[in-house]
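One-letter residues, chain by chain:
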Number of protein chains: 2
Amino acid sequence: MSQPRRSQTVKVRDVAREAGVAVGTVSRVLNDHPTVARELRERVERAMAHLGYEVDVTAQSMRAGRSRLVACAIRDFDIPRFALFIKEAEAVLREAGYTLLLASTTNRPEVEIALLRAFRRRRVDGVMMTLSDEEHRDVREALSEAPMPVMLIDRDRIEALDRVTADHRQGARLATSHLLGLGHRRIAMLVGDIKAFPSRSRLEGFRAACSTAGITPDPRLLRDNVLSSEDAYRATASLMSLANPPTALFVAAMDMLGGCLRALRTMSIAVGDGISVVAGSDSDLAELHTPPITAIEWDLAAMGRHAATMLLERMRGDEIECGRALTVPTELIIRGSSRPVAN
Amino acid sequence: MSQPRRSQTVKVRDVAREAGVAVGTVSRVLNDHPTVARELRERVERAMAHLGYEVDVTAQSMRAGRSRLVACAIRDFDIPRFALFIKEAEAVLREAGYTLLLASTTNRPEVEIALLRAFRRRRVDGVMMTLSDEEHRDVREALSEAPMPVMLIDRDRIEALDRVTADHRQGARLATSHLLGLGHRRIAMLVGDIKAFPSRSRLEGFRAACSTAGITPDPRLLRDNVLSSEDAYRATASLMSLANPPTALFVAAMDMLGGCLRALRTMSIAVGDGISVVAGSDSDLAELHTPPITAIEWDLAAMGRHAATMLLERMRGDEIECGRALTVPTELIIRGSSRPVAN
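Because the structure is predicted, anything quoted here is derived from the model rather than measured.

Student: Quick rundown of the overall build of chain A? Include the residues and the values.
Tutor: For chain A, the helix and strand inventory stands at 13 helices and 12 strands. For 343 residues, the compact-globule formula gives about 20 Å, and the C-alpha radius of gyration of chain A, at 25 Å, lies well above that figure. Across its three principal directions, the C-alpha atoms of chain A cover 90 × 40 × 30 Å. Going through the 343 residues of chain A one by one, you find that 58% of them count as buried. For chain A, the share of sequence-separated contacts (at least 6 apart) that also reach a separation of at least 24 residues comes to 72%. Accessible surface for chain A amounts to roughly 14100 Å². Of this, 51% is attributable to carbon and sulfur atoms. A distance of 3 Å separates the average location of the 47 positive side-chain charges in chain A from that of its 45 negative side-chain charges.

Below, the structure is given as structure tokens:
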């Protein structure tokens, strides 16, 4: 073996020579590429240790501008259904040699900005993220300054960025039309933060269906900013305590059904007979409830696959137009919880 | 302003002088510390840009050995209840100025090893993780070589590492004793991978309760490696198709209740009357099912809080003994799904 040298002077080609492998193999080891055989990796690592290369590893990755990391920043770790998106995106990225790291924005612009900065510092190769507010000036500025490709998850209004969305407007329109068709006129709607695309679109779909039917919705029956199970519980309890309560509840925010059903049970209001219920997203709870709950469904795994694929194209630097938008359709699964309004 | 210089020669103290701030302020900006006022951060960033400091940022972080990142690697993104752990751990870490990044091991040793290597390369300050198999030689070696503190989540048998566990043995013992007390003798048990602590402990608790009652469990009623909703569906369907089917199902793996209930519904077997059911973890589904499902419960948020706190102590380098173990208790919530065995 050659004599160890000071790390500052050791180059990738020195490691390659020492290990008796190609320079590309050393690069793949440095980038944690999954195709490197264990024996080969160990030989390269021994050579690096012998030559004192360790300190230069990150510098090398910096020069190449490659960390083989993709970051996904979502508003909350607490959205079970979103795991379908993550799992599928991760599978596609892993296949391409990337590790997916997940972070939570806690739905605050200042955290979104801080994360973008941290990702940049750590030389993350690509980012997928939600935004708490597409119009937030500082967030838009941070996005425009990001040196790596950023892909929006279920957000729009930022023309320059690629995005994958679900057609929430269509889903909400279908759900509302279904309830109107059953004779409901007092339909309460629970949505999340309408500063962001999903809830904004759901509200548009709800209003479009009402407008088509010539109905003016009662503004007292709309509850927004329903972002947790406790919010859904309180909104439902408050709605059902009105002098003139709704005959149908459209729980349009994602994964908020539990809080709503808990409130109805506490108040001894029977789903189906006492009140019709439609969930904004499908779940084991909706499917296995008695009666089963009518729900809006869309393919989150497909969204994850498309998001990862589009981001990979962008990270490769393929010559493709800016601001591509892909929308997956929504559908309504009609079950026993939505029934004709009682006379 | 002073004349820009080549980045290689620019030091943190040059940036501090240029920006007219303390060296500590520059460090806090470099580490994305949340307490730095925006105006101050921008002044430092302007000074860095002017002096061409950018390239040295990661190098500085490398020398300080500080990324202000903590990584959490769990077996699957698809475990809704685990979000309680993550959210609480993240809140504690964020308060201390750390960003939590989540990765999935897909429950494979080779991914666990590759992630440990990637975390090390990216100078992650601390790691919390699950392991697919505490006895895996290569994983143990990778853990022993990790330069940063590693905290085990719900795993044991690695004496040198801090760990936070739930008392799954006790939970399974309570659930089994409860069913035995109702007269059940043919109790089927669905568990995950018994190479890892949670399922191994649950099986021990089940066997301990049977042994105390002088019952020898029928090995044909034990199904392990139940790791997905589909696995739970198939295991339940197969168990209920036996010539001598069980009178009670103990679905001990986390978040596997949905698959089990779906199979029972498909086979028109009524929960409570046709078969008693106990869930290994509580959920909206268990609570809001008709009849509600008896379930084992433990405080995952407390586990997350303890894990983050213990890891912070370790990252600070506090002088504390090696291999601290903290266990949170489990309890049984008895509901309508577990009833006396039919005669």
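Student: Tell me about the nonpolar core, residues and numbers included.
Tutor: As a rule of thumb, soluble globular proteins bury nonpolar side chains together. Counting residues in hydrophobic clusters, the biggest one holds 96 residues, and the most contacted among them are Phe85, Met128 and Phe250 of chain A together with Phe85, Met128 and Phe250 of chain B. With near-sequence residues (within four places) excluded, phenylalanine 250 of chain A lies in contact with Ala172, Ala175, Thr176, Leu179, Ile187, Ala188, Met189, Leu190, Phe206, Val278, Gly280 and Ile296 of chain A. Judged by nonpolar contacts, the second largest core, of 46 residues, contains Leu143 and Ile158 of chain A together with Val124 and Ala146 of chain B.

Student: How would you explain the interface of chain B and chain A if you had to name every residue and give the values?
Tutor: Contacts between the two partners involve 53 residues from chain B, matched on the other side by 53 residues from chain A. Both sides of the chain B and chain A interface together cover about 4900 Å² of buried area, and 48% of this is carbon and sulfur. Interface area lost by chain B to chain A is led by Arg121, Arg122 and Leu288 of chain B, which between them contribute 16%. Remark: the boundary between chain B and chain A carries 11 salt bridges.

Student: Could you give an account of the side chain of arginine 186 of chain B, naming the residues involved and the relevant values?
Tutor: Residue and element names in this part refer to chain B. Following the sequence through the fold, arginine 186 ends up in the loop between helix 8 (168-181) and strand 6 (187-190). Within polar-contact distance, the side chain of arginine 186 engages the side chain of aspartate 218 at 3.1 Å. For arginine 186, the side chain forms a polar contact with the main-chain oxygen of asparagine 244, separated by 2.7 Å. Those residues in contact with arginine 186 that lie beyond four places of it in its chain are Asp218, Leu221, Asn244, Pro245, Pro246, Thr247 and Ala248.

Student: I'd like a description of the relation of the copies chain B and chain A, backed by residues and values.
Tutor: For the pair chain B and chain A, the relating rotation is 180°, the translation along its axis is 0.1 Å, and the fit reaches an RMSD of 0.1 Å. The relationship between the two copies is best expressed as a two-fold rotation axis.

Student: Break down the sheet that holds strand 7 (residues 222-223) of chain A for me, citing the residues and quoting the values.
Tutor: Residue and element names in this part refer to chain A. Read from one edge to the other, the open sheet built from six strands follows the order 7-6-8-9-10-12, with strand pairing classed as mixed. Strand pairing shows two members of the sheet lacking a second neighbour, strand 7 and strand 12 (330-333), which therefore form its edges. Against the sheet, helix 11 (residues 257-266) makes contact with strand 8 (248-251) and strand 9 (276-279), and its axis sits at roughly 155° relative to strand 8, the strand it touches most.

Student: Pulling in residues and values, what's your account of the packing of aromatic side chains?
Tutor: Residues and elements named next belong to chain A. Applying the stated criterion across every chain yields a total of two aromatic pairs over all chains. With 4.9 Å between their ring centres and 15° between their planes, phenylalanine 82 and phenylalanine 85 make a pair best called stacked. Note that phenylalanine 82 and phenylalanine 85 are positioned in helix 5 (residues 82-95) at a spacing of three residues, about one turn of the helix. When sorted by exposure, phenylalanine 82 lands in the same class as phenylalanine 85, which is buried.

Student: Residues and numbers for the pattern of salt bridges, please.
Tutor: Taken as a whole and judged by the stated rule, the model has 55 salt bridges over all chains. Close ionic contact of aspartate 284 of chain B with arginine 262 of chain A constitutes a salt bridge, the shortest N to O distance being 2.4 Å. One end of the pair, aspartate 284 of chain B, is in helix 12 (residues 284-288); the other, arginine 262 of chain A, is in helix 11, on a second chain. Given the relative accessible area of 29%, aspartate 284 of chain B is considered partly exposed. Note that aspartate 273 of chain A is salt-bridged to arginine 339 of chain A, the shortest N-O span being 2.9 Å. Of this pair, aspartate 273 of chain A sits in the loop between helix 11 and strand 9 while arginine 339 of chain A is found in the segment after strand 12, placing the two residues 66 residues apart along the sequence. A residue is classified by how much of its surface remains accessible, and aspartate 273 of chain A, at 60% relative accessible area, is exposed. If you follow the salt bridges from partner to partner, you end up with Arg41 and Glu45 of chain A together with Arg117 and Arg121 of chain B in one network.

Student: Quick one: what's the story with helix 8 of chain B, residue by residue and with numbers?
Tutor: Residues and elements named next belong to chain B. With 14 residues, helix 8 should reach 20 Å at 1.5 Å per residue; the first-to-last C-alpha distance of 20 Å fits that figure. Turning to helix 8, its buried residues number three or more, namely His168, Gly171, Ala172, Ala175, Thr176, His178, Leu179 and Leu180. Just past helix 8, the residue glycine 183 takes up positive phi, approximately 95°.

Student: Before we move on, can you summarise the packing of helix 1 (residues 12-19) of chain B against helix 2 (residues 23-30) of chain B with the specific residues and values?
Tutor: Residues and elements named next belong to chain B. Close contact between helix 1 and helix 2 brings their axes to 8 Å; oriented N to C, the two are set at 105°. Put simply, helix 1 runs roughly perpendicular to helix 2. Between helix 1 and helix 2, the contacting residues are Val12, Arg13, Val15 and Ala16 on the first element and Val23, Val26 and Leu30 on the second. Among the residues making up the contact of helix 1 with helix 2, the classes are represented as six nonpolar, no polar and one charged.

Student: Explain the sheet that holds strand 10 (residues 294-298) of chain B to me, using residue names and the numbers behind them.
Tutor: All names here are of chain B. The six strands are arranged 7-6-8-9-10-12 in an open sheet whose pairing can be described as mixed. In this open sheet, the two edge strands, each paired with only one partner strand, are strand 7 (222-223) and strand 12 (330-333). Bridge count for strand 8 (residues 248-251) against strand 9 (residues 276-279) is four bridges, and the pairing is parallel. When the sheet's bridge partners are listed, valine 251 is paired in strand 9 with alanine 279. On top of the sheet, helix 8 reaches strand 6, strand 8, strand 9, strand 10 and strand 12; it is set at about 25° to strand 12, its chief contact. In the packing of helix 10 (residues 229-240) onto the sheet, contacts are made with strand 6, strand 7 and strand 8, and the angle to strand 6 comes to roughly 160°.

Student: Could you give an account of unusual backbone geometry, naming the residues involved and the relevant values?
Tutor: Threonine 290 of chain A connects to proline 291 of chain A through a cis peptide bond whose omega is -10°. Topologically, proline 291 of chain A is positioned in the loop between helix 12 (284-288) and strand 10 (294-298). One non-glycine residue, aspartate 255 of chain B, lies in the positive phi region at around 60°. Following the sequence through the fold, aspartate 255 of chain B ends up in the loop between strand 8 and helix 11 (257-266).

Student: Please provide a residue-by-residue account of the environment of arginine 157 of chain B, values included.
Tutor: All names here are of chain B. Note that arginine 157 resides in the loop between strand 4 (150-153) and strand 5 (162-166). For arginine 157, a relative accessible area of 37% gives the class partly exposed. Along the chain, arginine 157 and glutamate 135 lie 22 residues apart, while their C-alpha atoms are 7.8 Å from each other. Apart from residues lying up to four places away in sequence, arginine 157 is in contact with Glu134, Glu135, Arg140 and Arg200. A polar contact of 3.0 Å, which involves the side chain of arginine 157, links it to the side chain of glutamate 135.

Student: Describe helix 5 (residues 82-95) of chain B, and please don't skip the residues or the numbers.
Tutor: Between the first and last C-alpha of helix 5 of chain B there are 20 Å, a value that for 14 residues agrees with the 20 Å anticipated at 1.5 Å per step. When we look at burial in helix 5 of chain B, the residues that qualify are Phe82, Ala83, Phe85, Ile86, Ala89, Glu90, Val92 and Leu93 of chain B. Structurally, helix 5 of chain B contributes buried residues whose contacts are with strand 2 (99-104) of chain A together with strand 1 (69-74), strand 2 (99-104), strand 3 (126-129), strand 4 and helix 13 (300-316) of chain B. At the C-terminal side of helix 5 of chain B, glycine 97 of chain B shows a positive phi close to 90°.

Conventions we followed
Residues numbered from 1 in each chain as written. Chains lettered and ligands numbered in written order. Predicted model: local features only at pLDDT ≥ 70, side-chain atom pairs only at ≥ 80, totals over all residues. Heavy atoms only, no water. Helix = DSSP H or I, 4+ residues; strand = E, 2+ residues; numbered from the N terminus. Rg over C-alpha atoms; globule rule 2.2 N^0.38 Å. Buried < 20%, exposed > 50% of the residue type's maximum accessible area, 1.4 Å probe, protein only. Contact = heavy atoms within 4.5 Å. Areas by Shrake-Rupley, 256 points an atom, 1.4 Å probe, with all protein chains shown as cover. Lys, Arg positive; Asp, Glu negative; His and termini not counted. Charge placed at Lys NZ, Arg CZ, Asp CG, Glu CD. Core = buried A, V, L, I, M, F, W, Y, C linked by side-chain atoms within 4.5 Å. Buried area = accessible area lost by both parts, 1.4 Å probe. Salt bridge = Lys/Arg side-chain N within 4 Å of Asp/Glu carboxyl O. Polar contact = N/O pair within 3.5 Å; in protein donor to acceptor, adjacent residues only side chain to side chain. Least-squares fit on C-alpha atoms with pLDDT ≥ 70 in both. Pairing = 2+ DSSP bridges. Axes fitted to C-alpha atoms, helices over the stretch in contact; angles between N-to-C directions. Phe/Tyr/Trp six-rings, centres within 6.5 Å; stacked < 30°, edge-to-face > 60°. Expected span 1.5 Å × (residues − 1). Parallel < 35°, antiparallel > 145°, perpendicular 65-115°, else oblique. Nonpolar A, V, L, I, M, F, W, Y, C, P; charged D, E, K, R; others polar.

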